[in-house]
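Structural overview for review
So you can see what is in the structure, the chains are spelled out below.
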Amino acid sequence: MNREPPPESSAQKLGRRESELRAARRANLAALRRLGYDPFAVTRFDVSAHAAELSARYAGLAADADPPQERYALAGRLMAIRKMGKKAIWSDLWDRSGRLQLYVREDVLGAQAFAAFDAVDVGDIVGVGGTVFRSQKGELTLRVFSFEVLAKALAPLPDKWQGLVDVEKRYRRRYLDLIVNEEVRRTFVLRSRILAELRRFCDERGFLECETPTLLHLAGGALARPFRTHHNALDIELDLRIATELNLKRLIVGGLERVYEIGRIFRNEGIDRTHNPEFTMLELYAAYWSVNEMMEFNEELFAHLVSLVGKGEQLEFGGRLLSFKRPFKRIAYFEALQRFGGLERSRLLDPAGAAEVLTELGLPPSQTHGQALDKIFERVAEPHLVDPTFVYDYPVVISPLAKRKAGDPDVVDRYELFGANVELSNAFTELNDPDDQRARFEAQALERTSGDTEVPPPDWDFVAALEYGMPPTAGIGIGVDRLVMLLTDQHSIQDVLLFPLQRPPSHQTHSD
RNA sequence: GCGCCUUUAGCUCAAUGGUAGAGCAUCGGACUUUUAAUCCGCUGGUUCUGGGUUCGAGUCCCAGAGGGCGCACCA
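Cut-offs and rules
Every chain is numbered independently, its residues counted from 1 as its sequence is written. All chains are assigned letters beginning at A, and all ligands numbers beginning at 1, according to the order in which they are written. This being a predicted model, a pLDDT of at least 70 is required before a residue's local features are given, and a value of 80 or more before pairs of side-chain atoms are given or counted; all residues contribute to the totals for chains, interfaces and linings. Water and hydrogen atoms play no part in the side-chain values, which are based on all heavy atoms of the structure. The way it works is that DSSP assigns letters per residue, a run of H or I at least four long becomes a helix, a run of E at least two long becomes a strand, and they are numbered from the N terminus. Burial status follows relative accessibility: with a 1.4 Å probe on protein chains alone, a residue under 20% of its type maximum counts as buried, one over 50% as exposed, and anything between as partly exposed. Residues count as neighbours in contact if any of their non-hydrogen atoms are within 4.5 Å of one another. All accessibility values rest on the Shrake-Rupley procedure with a 1.4 Å probe; residue burial counts only the protein chains present in the view. Here the positive residues are Lys and Arg and the negative ones are Asp and Glu; neither His nor the chain ends is included. Taken as the charge location is NZ of Lys, CZ of Arg, CG of Asp or CD of Glu. What makes a residue near a molecule or strand is one non-hydrogen atom of that residue sitting within 4 Å of it. Side-chain atoms alone can form a polar contact between residues adjacent in sequence; in general such a contact is a pair of N or O atoms within 3.5 Å, and within protein one must be able to donate a hydrogen while the other accepts it. Note on residue classes: Ala, Val, Leu, Ile, Met, Phe, Trp, Tyr, Cys and Pro are nonpolar, Asp, Glu, Lys and Arg are charged, and everything else, Gly too, is polar. By convention in these notes, a salt bridge is any Lys or Arg side-chain nitrogen within 4 Å of a carboxyl oxygen on Asp or Glu. By definition, two strands form a pair when at least two bridges between them are found by DSSP. A fitted line through C-alpha atoms represents every axis, and for helices the fit uses only the stretch in contact; the resulting angles, taken between N-to-C directions, go from 0 to 180 degrees.

All right, on to the overall build of chain A then. Regarding its fold elements, chain A presents 16 helices and 19 strands. Projected onto the principal axes, the alpha-carbon positions of chain A cover approximately 85 × 60 × 50 Å. Within the span of chain A, comprising 512 residues, buried residues form 47% of the whole. Contacts in chain A between residues far apart in sequence, at least 24 positions, make up 65% of those at least 6 positions apart. In the form shown here, chain A has an accessible surface area of approximately 26000 Å², with 51% of it arising from carbon and sulfur atoms. Side-chain charges in chain A split into 66 positive and 76 negative, and the spacing between the mean points of these groups amounts to 8 Å.

The subject of this paragraph is the protein's contact with RNA strand B. The environment of RNA strand B is made up of 54 residues, and the closest members are Arg17, Gln136, Lys160, Arg273 and His275. Taking all atoms of RNA strand B within 4 Å of the protein, the share assigned to sugar and phosphate is 57%. Between RNA strand B and Ser135 there is a distance of 2.3 Å, counted from a base oxygen to a side-chain nitrogen or oxygen. One nitrogen or oxygen atom from the main chain of Gly163 is found 2.6 Å from a sugar or linking oxygen belonging to RNA strand B. Elements supplying a minimum of two residues to the surface near RNA strand B: helix 1 (16-34), strand 1 (72-84), strand 2 (88-95), strand 3 (98-105), helix 5 (167-172) and helix 13 (369-380). Of the residues belonging to the surface near RNA strand B, the class tally is 16 nonpolar, twelve polar and 26 charged.

Here the focus is the pattern of salt bridges. A complete count under the given rule lists 46 salt bridges for this structure. The partner of Glu106 in a salt bridge is Lys87, and the shortest N-O contact between them spans 3.2 Å. A residue pair is termed long-range when its members are at least 10 positions apart, and Glu106 in helix 3 (residues 106-109) and Lys87 in the loop between strand 1 and strand 2 qualify at 19 residues. Among the salt bridges present, the one from Asp495 reaches Arg170, with a minimum N-O distance of 3.4 Å. With Asp495 in the segment after helix 16 (480-488) and Arg170 in helix 5, this residue pair connects regions lying 325 residues apart in the sequence. Under the relative-accessibility criterion, Asp495 is labelled buried at 16%. On the accessibility criterion, Arg170 (13% relative accessible area) is buried. One continuous salt-bridge network, built from bridges that share partners, spans Glu197, Arg200, Glu204, Arg205 and Glu300.

Attention now moves to the side chain of Glu430. Relative to the helices and strands, Glu430 is located in the loop between strand 18 (422-429) and helix 14 (434-449). For Glu430, a relative accessible area of 1% gives the class buried. Contacts of Glu430, omitting those with residues within four sequence positions, involve Glu245, Lys249, Tyr285, Leu401, Lys403, Met470, Thr473, Ala474 and Gly475.

Bringing unusual backbone geometry into the picture now. Look at the link from Arg326 to Pro327: it is a cis peptide, with omega at -5°. With a phi close to 55°, Asp489 is a non-glycine residue in the positive phi region. Locating Asp489 in the fold gives a position in the segment after helix 16. Owing to a relative accessible area of 28%, Asp489 belongs among the partly exposed residues under this scheme.

Moving on, we come to the sheet that holds strand 7 (residues 215-216). Paired through their backbone hydrogen bonds, the strands of a sheet run either parallel or antiparallel. What the three strands build is an open sheet, ordered 7-9-8; its pairing is antiparallel. In the strand order of this sheet, the two ends are held by strand 7 and strand 8 (228-231), each with one partner. Where strand 7 meets strand 9 (residues 236-240), two bridges bridge the pair, whose relative direction is antiparallel. Each residue of the ladder has a partner; that of Leu216, found in strand 9, is Asp239.

Right, let's get into the sheet that holds strand 5 (residues 140-151). One closed barrel accounts for five strands, arranged 1-2-3-5-4; its pairing is mixed. Strand-to-strand, the axes of this sheet are offset by a mean angle of 50°, without reference to chain direction. The pairing of strand 4 (residues 125-134) with strand 5 spans ten bridges and is classified as antiparallel. Looking across to strand 5, one finds that Ile125 is bridged to Ala151. Relative to strand 2, helix 4 (residues 111-118) is tilted by about 65°, and along the sheet it contacts strand 1, strand 2, strand 3 and strand 5.

Below, the structure written as structure tokens:
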């Protein structure tokens, strides 16, 4: 496999400067060991407090007040060291909660331990014990009475002031990005909280989190090219899933009634600011709901998330303020195209008419009627959808798994939620008529044989499941990464994925 | 896949075709309340890779690699 060589074996590849920086750190490691502080021999450290906790607890502590006597133990990475003469050192310790300044004095710590602290480098991980006081410049500080080195950083860290800016290095060595760029850490902490909140919100409403397989004999439920893989023992080809839809609906047939999955989806497509080959999707299905109940659920969920991370009911994104005040705007699909593009529904419903519109808009011809409608909508309507807006009554031709609207067979009970000009969720009343489902799969099979490689082969087993009866059900899909982008004001999917897919690094020419 | 931009010290960035530099970090020195600590001093380079043009290439040309942006693709 393509792996970087171990750093030490590639020493001769380092610039002379970097090897000197590393040598200096190794010299300090040796000094620490001589003094009886072997960093890599330590197996644990009792942490009794975190930086942010202490800052909050002693926010009212005055500089001239008698400092409290309580001893606290903290552990973290030293991100700055300011030496004042030979007998005092100021340092910044970062733990997962934030930063706390340390004040280390020889007369407090003792000669031996102070000598050891003198051999510590920026980036080293230490455990310290001491009492808090407020410095003359007004900063809460830990007076260090004891300390241990818990790990040595043998490699030099990026510049503390400029940080790590090189985007490629940030993605390839995310750990450095997280060490040095606080806002990056904040984004991922927030992502974790959003994920937890999604689960809590669904669990609270009686939804069961289910795990369906990622390895499938046949990837369906969406239009996308799957990744292929091979299982050795069974000697069969497998697909990585492109959606969780069909299996979750099998669970609805099975009577679980309310299910969801927050799952990794794989699509063998290009990479850009809004696409990564693997991404996270929330799919949720509720028996006995129509798309209208789902819309309410959706609205409540998004308003809730915005209330957690935004400014009240508003969310700042890209310098614009989006209002998530309920109710969100609503507009029918064809009404949007009429309003924003002056396009007639009857013309768009006709494949030839849609193809004409495509040409009039200066867009390249599309293979299918459905694709043409998607392109037209994207060009004509999406630029107007800034505040969250439910677009409902989608045409049946682009909705193979949705139930037709009563009294209007050309459209289905489906909506998409748009915000900041992108699709945020997609929901519909699920098709549960096995005969209709079979017919739509057959139509898709024709598209597939006529060359559309993204149409999945029909999943007849799914039709068989529907024949046992699936209750009326509404389903929703939410692209979690794009939701996190929206909520954290990030504009590239790579900035909400810890390890976005990158090409293999260029300088790994060795193959051993 | 196509186009544009980009790659120089550990990090962030300079350098008309003419001796590769700065800040931070490192290293040495001064300083027991500093916080981008400050002050003094010394270092540090396969200019992404491979070719070519030229008396001379970080700079120009060709090919390749990585990255970014745009287009195409993308339920």
